Amino acid sequence: MSLSVLPIAETFEHDGYSSVVIGAVERASPSVVGIDVRRGGRRAGSGSGFIATPDGFVFTNSHVVHDADEIDVALLDGRRFRGVLAGDDPDTDLAVLRIAGGELVPAVFGDVRAIKPGQLAIALGNPFGLECTVTAGVVSALGRTLRSRSGRLMDDIIQTDAALNPGNSGGPLVDARGAVIGVNTAIVAGGGGGLGFAISAATAQRVAGLLIRDGKISRGYLGVAGADVAIPRYVLRLLGLIQTRGILVHSVEDASPAAEAGIEAGDVIVSLGEAAVDGMDALHRILTGERIGTTTVTLLRRNELKRLDITPVETQAAVSAR
């Protein structure tokens with residue numbers, strides 16, 4: 001039996017695909033960090049993250065660091081730092097840490113508007129505590145939605161077939177240039193494989209900017225309990241509506257913005273301000289950030305359209321049914 005052995009010079013040559021992946025990893029990996037968390041004096045888990053700014057802000061997942069007593073951040077070069085939580089938003093599963101260190105290498109962010117299904121996607125992280133592991137695949141789909149642990153719906157999610165494992169959470173999903181296009185957040189296992197999901201880099205940058213500035217995300221609160229409902233076809237024809245769904249109000253809390261505005265049980269909310277409301281998840285999106293303040297709510301009451309003035313108030317609690 002004879003064995004075929006490649007000449008030594010040829011063993012160091014890479015095909016085009018491998019060269020692209022290797023180049024992307026070399027550019028992105030210096031910003032990737034491992035995160036160890038302690039709660040109640042005990043090690044409570046680990047995850048990943050990446051340095052986002054030269055002054056030491058680190059992006060990761062909320063579920064990696066939420067309620068942590070101590071956070072340890074390890075860099076690829078062997079340095080370790082204590083991570084200080086700068087902001088945490090369970091509703092988008094994003095958190096920002098701050099580390100105090102010099103010569104940090106921040107990640108480069110890609111243009112998420114240019115992402116196309118089928119393009120190369122590379123996931124970096126520390127699954128199972130293994131330092132800076134790399135998996136590669138493609139962007140399988142864009143614009144997915146995913147339920148966060150708080151119950152709110154996360155939008156603009158990137159689906160990938162790059163293998164993700166426990167510990168990858170919070171690490172970067174990068175493109176062929178090594179630029180960050182997403183933050184790895186979840187897997188759905190099954191069928192002998194798994195689907196990976198990443199929060200869009202655009203969402204991560206927007207949320208992180210607010211967390212760094214304010215330490216939290218401001219969200220509005222109306223004080224209604226309701227459920228998604230289809231608007232009857234005869235009502236659509238009667239009022240000339242295009243929107244087919246809204247929120248059926250089951251109850252209104254006393255002394256809440258909804259009560260003060262005159263919203264009643266049985267009303268169907270169809271818009272807030274100029275934005276259509278076709279369900280509870282749409283309402284949650286609208287009530288985030290700059291939408292807090294006096295506006296109008298449009299609703300159906302006994303087959304008539306009514307427009308009421310309403311002033312949402314700020315809440316820091318994520319309430320999935322309101």
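The shown structure was predicted, so the numbers you read here are calculated from the model rather than taken from an experiment.

Things to note about the overall build of the protein chain
Argument step 1. Assigned secondary structure in the protein chain consists of seven helices and 21 strands.
Argument step 2. Out of the 322 residues belonging to the protein chain, those deemed buried represent 48%.
Argument step 3. Accessible surface, the protein chain: about 15,800 Å² in total, of which carbon and sulfur atoms supply 52%.

What to know about the sheet that holds strand β4 (residues 70–75)
Argument step 1. Taken together, the seven strands give an open sheet; going across it, the order is β5-β4-β1-β2-β3-β7-β6, and neighbouring strands pair in antiparallel fashion. In this open sheet, the two strands that pair with only one neighbour each are β5 (80–82) and β6 (84–89). Direction aside, the axes of adjacent strands within the sheet are offset by 30° on average.
Argument step 2. Of the strand pairs in this sheet, strand β3 (residues 57–60) and strand β7 (residues 94–98) are connected by four bridges, and their pairing is antiparallel. Note that in β7 the partner of Phe59 across the bridge is Val96.
Argument step 3. Helix α4 (residues 201–214) contacts β3, β6 and β7 of the sheet and is inclined by roughly 55° relative to β7.

Some remarks on the environment of Ile263
Argument step 1. Assignment of secondary structure puts Ile263 in the loop between α6 (257–261) and β17 (268–272).
Argument step 2. Judged by relative accessible area, which is 5%, Ile263 ranks as buried.
Argument step 3. C-alpha separation for the pair Ile263 and Ser251, spaced twelve residues apart in sequence, amounts to 9.2 Å.
Argument step 4. Ignoring any residue separated from it by four or fewer positions in sequence, one finds Ile263 in contact with Val224, Val249, Val252, Ala258, Ile269, Val297, Leu299, Arg301, Leu308 and Ile310.

Considering the pattern of salt bridges
Argument step 1. Applying the stated criterion across every chain yields a total of 14 salt bridges.
Argument step 2. Each member of the salt-bridge network shares a partner with another, and the members are Asp36, Arg43, Asp72 and Arg80.

Side note on α4
Argument step 1. With 14 residues, α4 extends 20 Å between its outermost C-alpha atoms, agreeing within 8% with the 20 Å of an ideal straight helix rising 1.5 Å per residue.
Argument step 2. Turning to α4, its buried residues number three or more, namely Ala201, Thr203, Ala204, Val207, Ala208, Leu210 and Leu211.
Argument step 3. Where α4 begins, the capping side chain belongs to Ser200, and its oxygen is found 3.1 Å from the backbone nitrogen of Ala202.
Argument step 4. Directly beyond the C-terminal end of α4, a positive phi value near 80° is found at Gly215.

Considerations on the side chain of Asn61
Argument step 1. Topologically, Asn61 is positioned in the loop between β3 and α3 (62–65).
Argument step 2. For Asn61, a relative accessible area of 0% corresponds to the buried category.
Argument step 3. A polar side-chain atom of Asn61 sits 3.0 Å from the main-chain carbonyl oxygen of Asp93.
Argument step 4. A polar atom in the side chain of Asn61 sits 2.8 Å from the backbone nitrogen of Gly170.
Argument step 5. Apart from residues no more than four positions distant in its own chain, Asn61 is found in contact with Asp93, Leu94, Ala95, Ser169, Gly170, Val183, Asn184, Thr185 and Ile199.

Points about helix α2 (residues 16–28)
Argument step 1. With 13 residues, α2 should cover 18 Å at 1.5 Å per step; its first-to-last C-alpha distance of 18 Å lies within 8% of that length.
Argument step 2. Taken together, the buried positions of α2 are Val21, Gly23, Ala24, Val25 and Ala28.
Argument step 3. Where α2 is buried, its residues touch β1 (32–39), β8 (120–125), β9 (133–147) and β11 (172–174).
Argument step 4. For α2, the capping residue at the N-terminal end is Asp15, with a side-chain oxygen 3.1 Å from the backbone nitrogen of Tyr17.

A look at the side chain of Thr185
Argument step 1. Inspection of the secondary structure assignment puts Thr185 in strand β12 (residues 180–190).
Argument step 2. The exposure class assigned to Thr185 is buried, which follows from its relative accessible area of 5%.
Argument step 3. A polar atom in the side chain of Thr185 sits 2.6 Å from the side chain of Asp93.
Argument step 4. Residues contacting Thr185, with those up to four places away along its chain left out, are Asn61, His63, Asp93, Leu146, Ser169, Phe197, Ala198 and Ile199.

Regarding unusual backbone geometry
Argument step 1. In the Ramachandran plot, Asp67 falls in the positive-phi region, its phi being about 60° despite a non-glycine side chain.
Argument step 2. Since its relative accessible area comes to 57%, Asp67 is described here as exposed.

A short note on the pairing of β1
Note on strand geometry: in a regular strand, side chains alternate between the two faces of the sheet.
Argument step 1. Taken together, the eight bridges between β1 and strand β2 (residues 42–51) define a ladder with antiparallel strand orientation. Directly across from Val32, in β2, lies its bridge partner Phe50.
Argument step 2. Connecting the antiparallel pair β1 and β2 is a turn made up of two residues, with Gly40 showing a positive phi of about 60°.
Argument step 3. Alignment of β1 against β4, held across six bridges, turns out to be antiparallel. Note that in β4 the partner of Val33 across the bridge is Leu75.

What counts and what doesn't
- Residues numbered from 1 in each chain as written.
- Predicted model: local features only at pLDDT ≥ 70, side-chain atom pairs only at ≥ 80, totals over all residues.
- Heavy atoms only, no water.
- Helix = DSSP H or I, 4+ residues; strand = E, 2+ residues; numbered from the N terminus.
- Buried < 20%, exposed > 50% of the residue type's maximum accessible area, 1.4 Å probe, protein only.
- Areas by Shrake-Rupley, 256 points an atom, 1.4 Å probe, with all protein chains shown as cover.
- Pairing = 2+ DSSP bridges.
- Axes fitted to C-alpha atoms, helices over the stretch in contact; angles between N-to-C directions.
- Contact = heavy atoms within 4.5 Å.
- Salt bridge = Lys/Arg side-chain N within 4 Å of Asp/Glu carboxyl O.
- Expected span 1.5 Å × (residues − 1).
- Polar contact = N/O pair within 3.5 Å; in protein donor to acceptor, adjacent residues only side chain to side chain.

Read these as spatial facts, not as claims about activity.
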